[in-house]
Structures are given as C-alpha cells and as structure tokens.
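What follows is the residue order along each chain.
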Amino acid sequence: MARKIQEQELGRMAQRVGMAPGLLSVDPSWPEPRLTFTAYDPGMLVEREVAIDELKELIDAHEKVWVDVEGLGSEAVLQSLAESLELHKLALEDVVNLGQRAKVEPYQEDLFIVVRSPIGSSGATEQLALILGPGYLLTFQERRGDCFEPVRVRLRHGKGRLRGAGLDYLTYALVDAVIDSYFPVVEEIADELERLEADVLEDPDRKTVSAIHDVKRRIQGLRRAIWPHREALNTLLRDAGAFVSEETLLYLRDCYDHTIRIAEMIDAQRDHCTDLMATYLSVVSNRMNEVMKVLAIIGTIFIPLGFIAGLYGMNFDPDVSPWNMPELSWFLGYPYALGLMGLTVLGMMAFFWRKGWFK
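So, here's what we can say about the structure. Remember, predicted model here, so these are calculated numbers, not experimental data. (Residues numbered from 1 in each chain as written. Predicted model: local features only at pLDDT ≥ 70, side-chain atom pairs only at ≥ 80, totals over all residues. Heavy atoms only, no water.)

### Things to note about the pairing of strand E3 (residues 65–70)
And then number 1: Most of E3 is tucked away: 6 of the 6 residues are buried.
And then number 2: Residues of E3 alternate between two faces, with Val65, Val67 and Val69 on one and Trp66, Asp68 and Glu70 on the opposite face, all of them buried.
And then number 3: Note that strand E1 (residues 34–41) and E3 share 6 bridges and pair antiparallel. Its bridge partner being in E3, Leu35 is matched across the sheet by Val69.
And then number 4: For E3 and strand E7 (residues 136–141), the ladder comprises 6 bridges, and the chain directions are parallel. (Buried < 20%, exposed > 50% of the residue type's maximum accessible area, 1.4 Å probe, protein only. Helix = DSSP H or I, 4+ residues; strand = E, 2+ residues; numbered from the N terminus. Pairing = 2+ DSSP bridges.)

Pasting the structure below:
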C-alpha cells in the first residue's frame, strides 16, 4: 500500500514538471471537499457543515474559527477558499501536492504547516495541511477520517483549556494528535517484532524472512515520515513567534519531545529488524552446521567399515599361500569380520563422545 501511494505521488509530481508556481493540480478521483465549520469560545460552540459561499461571512462573524476541509477533489472550491481568505498561492499549491514532507512555512499573514499522519501500520502516511491565520485555522485532509476526533470531543465537552485558549493552542492540539497517532502504530510493530523474534528462535523459515523484510519496509516508511517533523517543530518553536504565544510554545516543546521519542523508537525497531535478520542467518547456519556434523560423523564411521569390507573383498586364494587372507577359511570368518566392524563403530562413537562432538 505504501509503495502504491508513493508511486501515485511520483506520477503526479512528474506531471507538474515545468508548471508555473502556484498552479493547482487536482486529481479528479480525489473525494469532493466537505467543509466543517467550528466556531467556539468558553461559553459557545457552533459545529456544522457549510457551503463555500457562506464561509467568509461566518468567519468574519466569529473570533475563533476552525474550518476542516476533508477531500481535495474540487479545484473550484479550493480556489474560492483561497481567494476569500487571501491565502498565498504557494501554500495552496502545497496543500494539493500530497508528496510534501513535514514542514513549517511562515507567510506574511498566516502560518502554513504540513504534517503526515500514519495510515494504520502499513508504513504509508497521509498529508495534513494546516493554515493558521488571523481569526481562523484551516485544515486540509486528503480523505475523510482522521485522528482529530479526540480534539473535537474536547471542544464539544469544553474540557481543558482548549475553548479558552487561542487558535494557536488548537493548532498545537491538532499537531500533537497527529504526532501521538504514531505511538499505537509503533507499539503494534513492536508486538509484531516480538512474535517474529520467537519465530526466528523456534522455527525460522522463508515466511519469517519475508515477514521481517515487510516490517522493515514499513518501519522505513514511518521513519521517512517522522524525522522531518523534528525539523518542522524546531522551525515552529524558533520562527513562529508572531503566530504562536509563549504559553503555547511550552506545549509545542512537549510535542517536539514526543517526536524525538517516536523517532528513537522507530530507529530502535529498525535495528531490531537488522538483528532479527542476523539471528535468522545465524540459526540457519547453525542448523546447517549440525546437519553437516551428523553427515561428517556418519561418513567418518563408514570410512573404516569400507576399508574392512574392501580388505576382505580382495580375491586372494588362501589355498595358494597361507598368507593369502587365511580368515576366508575360518569357520567364524564372517562373524569375525562383522564383529570387527561393530567394535570399530563402537570405538569411534566412544571417541566422538569423549570429544563432545555429539552435543
């Protein structure tokens, strides 16, 4: 899934080669935009779907507004939104260019933020764009369904300081929700690595190798997504003073710390995958060595037996000379040969046992 999404993004980027900056490239297969308007203060909350033609009036009528745009499949809606709020054309271009890495771009009138949210534990991620402007916060999502529901619940119930704080705090809350959405994914992969470790030590096979490679590929996808968040949040802490209050910066530092923790956990899991592959190769090599040891012991045992059998299989006539294999004329010559072979085997096995080669 992650590879398919990456190929689609590369295809769209190839189509934009040579285009003028600020031009939109909307895929008609994308979902149609659905606009959810949320206005709030300590004693009031308004939340409903709105049409694009009534949005500007609603934003002007409230002090704090969050507009969530789910789906990017209409260039007309996006252009109308950009014109009504005077959004920078480069910011809008980055909204629909879904291959963006996490970043922060301060513009003259607003602050543009890109974060990437994981899509399950597949290693694929979804782009989420936020634009913090005077009196409004816009969020743009590729499709419906996100990790923002806990924030919406806090707004509806008036929990914490969310309603009383500014839009910069809501921006922090949404970014923090995206960062924290990596934790359950990382934990799920950690559980899967534990199961793979047990398989490697108990009964490794080719399916185990394939599973390790699959997990490592997913970890690489998450790593590529989470590491740019460190730089983006660092930029936000350093350069967003005009848009973010000092109090909110304290919370953003905690979000930055979460990002580092997730990045370190992902790096540790990547190293774990490498160790699992090394352990698998070691276990397979040890098994091969055990097989080769058994075969070598069997071959070593049969060397003297072959010598004895070959010796007594020579066609010397004992009637011609008493030195020509007199054992062939003995009454117990055949049992004697078998007994000699048996004693040879027992002697060699006792020697191998004392050397510890059977352990």
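### Some thoughts on the environment of Ile179
And then number 1: Here Ile179 lies in helix H6 (residues 167–180).
And then number 2: Residue Ile179 is classed as buried on the basis of its relative accessible area of 0%.
And then number 3: Considered as a pair, Ile179 and Val115 are 64 residues apart in the sequence and their alpha carbons are 8.5 Å apart.
And then number 4: Ile179 has contacts with Ile226, His229, Cys255, His258, Thr259 and Ile262, leaving out every residue within four places of it along the chain. (Contact = heavy atoms within 4.5 Å.)

### Section: the side chain of Asp168
And then number 1: Position of Asp168 among the secondary structure elements: in helix H6.
And then number 2: The buried charged residue Asp168 lacks any salt bridge, with Arg161 as its nearest oppositely charged partner at 7.1 Å.
And then number 3: Of the polar contacts made by the side chain of Asp168, one reaches the backbone nitrogen of Ser245; its length is 2.9 Å.
And then number 4: Setting aside its immediate chain neighbours within four residues, Asp168 contacts Leu132, Phe243, Val244, Ser245 and Thr248. (Lys, Arg positive; Asp, Glu negative; His and termini not counted. Salt bridge = Lys/Arg side-chain N within 4 Å of Asp/Glu carboxyl O. Polar contact = N/O pair within 3.5 Å; in protein donor to acceptor, adjacent residues only side chain to side chain.)

### A look at the packing of aromatic side chains
And then number 1: Evaluation of the coordinates by the stated rule reveals 5 aromatic pairs.
And then number 2: Each ring, one from Tyr169 and one from Tyr172, has its centre 5.4 Å from the other, and the planes form 50°; the classification is tilted. Separated by 3 residues within a single helix, Tyr169 and Tyr172 lie in helix H6, roughly one turn from each other. Each member of the pair Tyr169 and Tyr172 is classed as buried.
And then number 3: Between Tyr169 and Tyr251 the ring centres are 5.2 Å apart and the planes differ by 85°, which places this aromatic pair in the edge-to-face class. Pair noted here: Tyr169 is in helix H6 and Tyr251 is in helix H9 (residues 246–311), with a separation of 82 residues, a long-range link.
And then number 4: By relative accessible area, Tyr251 is classed as partly exposed at 28%.
And then number 5: Through successive ring pairs, a cluster of aromatic residues spans Tyr169, Tyr172 and Tyr251. (Phe/Tyr/Trp six-rings, centres within 6.5 Å; stacked < 30°, edge-to-face > 60°.)

### With respect to the nonpolar core
And then number 1: Counting 57 residues, the largest nonpolar core has Leu170 and Leu236 as its most contacted members.
And then number 2: Of all the secondary structure elements, the ones that give two or more residues to this core are strand E5 (111–118), strand E6 (125–133), helix H5 (149–157), H6, helix H7 (182–202), helix H8 (206–239) and H9.
And then number 3: Other than its neighbours up to four places away in sequence, Leu236 contacts Val104, Leu111, Ile113, Val244, Leu249 and Leu252.
And then number 4: Formed by 32 residues, the second largest nonpolar core is a distinct cluster that contains Leu35, Ala39, Leu81 and Ala129. (Core = buried A, V, L, I, M, F, W, Y, C linked by side-chain atoms within 4.5 Å.)

### Focus on the pattern of salt bridges
And then number 1: According to the stated counting rule, one finds 19 salt bridges in the structure shown.
And then number 2: Between Arg152 and Asp68 there is a salt bridge, and its shortest N-O distance comes to 2.8 Å. A residue pair is termed long-range when its members are at least 10 positions apart, and Arg152 in helix H5 and Asp68 in strand E3 qualify at 84 residues.
And then number 3: Judged by its relative accessible area of 2%, Asp68 is buried.
And then number 4: As a salt-bridge pair, Arg101 and Glu231 come within 3.4 Å of each other at their nearest N and O atoms. You can see Arg101 sitting in the loop between helix H4 (89–96) and strand E4 (103–106) and its partner Glu231 sitting in helix H8, a full 130 residues away along the chain.
And then number 5: Overall, the relative accessible area of 49% leaves Arg101 in the partly exposed class.

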